[in-house]
Amino acid sequence: MNMDQIKGNWKQLSGTLQREWGELTDDDVAKIEGDQTKLAGILQEKYGIARDEAEKRIDDWASRN
């Protein structure tokens, strides 16, 4: 699934997002609104990873959902 499809199905996929990244709160998920850039930024903050690593992890997650 690409990020446009994920954005369209955001409410349904938010649960899988929180299972993947347990540090994400409901407020984080609400802020992200299906936006890959916002998700990458929050993952950087929560997990202390570089942007390119966050984007790679997002791409991996998106390909599985």
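Each remark here, short or long, concerns the structure printed above.
Each chain has its residues counted from 1, following the order in which its sequence is written. Residues qualify for local features only when their pLDDT is at least 70, as the model is predicted, and side-chain atom pairs are given and counted only at 80 or more; totals for whole chains, interfaces and linings, by contrast, use all residues. Calculation of side-chain values draws on the structure's entire complement of heavy atoms; hydrogens and water are dropped beforehand.

A. Spatial organisation of the environment of K7. Counting from the N terminus, the helices are the DSSP runs of H or I reaching at least four residues and the strands are the DSSP runs of E reaching at least two. With respect to the helices and strands, the residue K7 is situated in helix α1 (residues 3-8). Considered as a pair, K7 and R57 are 50 residues apart in the sequence and their alpha carbons are 17 Å apart. By definition, residues are in contact when any of their heavy atoms lie within 4.5 Å. Once residues lying within four places of it in the same chain are set aside, the contact partners of K7 are E33 and G34.

B. Expanded view of the pattern of salt bridges. Throughout this description, the term salt bridge denotes a Lys or Arg side-chain nitrogen within 4 Å of a carboxyl oxygen of Asp or Glu. Taken as a whole and assessed by the stated rule, the structure comprises 6 salt bridges. Put simply, E20 and R64 hold a salt bridge, and the shortest N to O gap is 2.6 Å. Of this pair, E20 sits in helix α2 (residues 10-20) while R64 sits in helix α5 (residues 51-64), and the two are 44 residues apart along the sequence. Of the charged contacts in the structure, one is a salt bridge between K46 and D28, with a shortest N-O distance of 3.0 Å. On the criterion of sequence distance, the pair formed by K46 in helix α4 (residues 36-47) and D28 in helix α3 (residues 26-32) is long-range, its members being 18 residues apart. Exposed residues in this analysis have more than 50% of their type's maximum accessible area, buried residues have under 20%, and partly exposed residues fall in between, with area computed by a 1.4 Å probe over protein chains only. Judged by its relative accessible area of 34%, K46 falls in the partly exposed class. D28 sits in the buried class, given a relative accessible area of 7%.

C. Examining the packing of aromatic side chains more closely. Ring pairs are drawn from Phe, Tyr and Trp, using the six-membered ring of Trp, whenever the two centres fall within 6.5 Å, and their geometry is named by plane angle: stacked under 30 degrees, edge-to-face over 60, tilted for the rest. Across all of its chains, the model carries 1 aromatic pair by this definition. Note on W21 and W61: the rings are 5.9 Å apart at their centroids and 55° apart in plane angle, and the pair reads as tilted. Taken together, the residues span a long stretch of sequence, with W21 in the loop between α2 and α3 and W61 in helix α5 at a distance of 40 residues. On the basis of relative accessibility, which here comes to 4%, the residue W21 falls in the buried class.

Everything listed here is a matter of geometry and, on its own, says nothing about what the molecule does.
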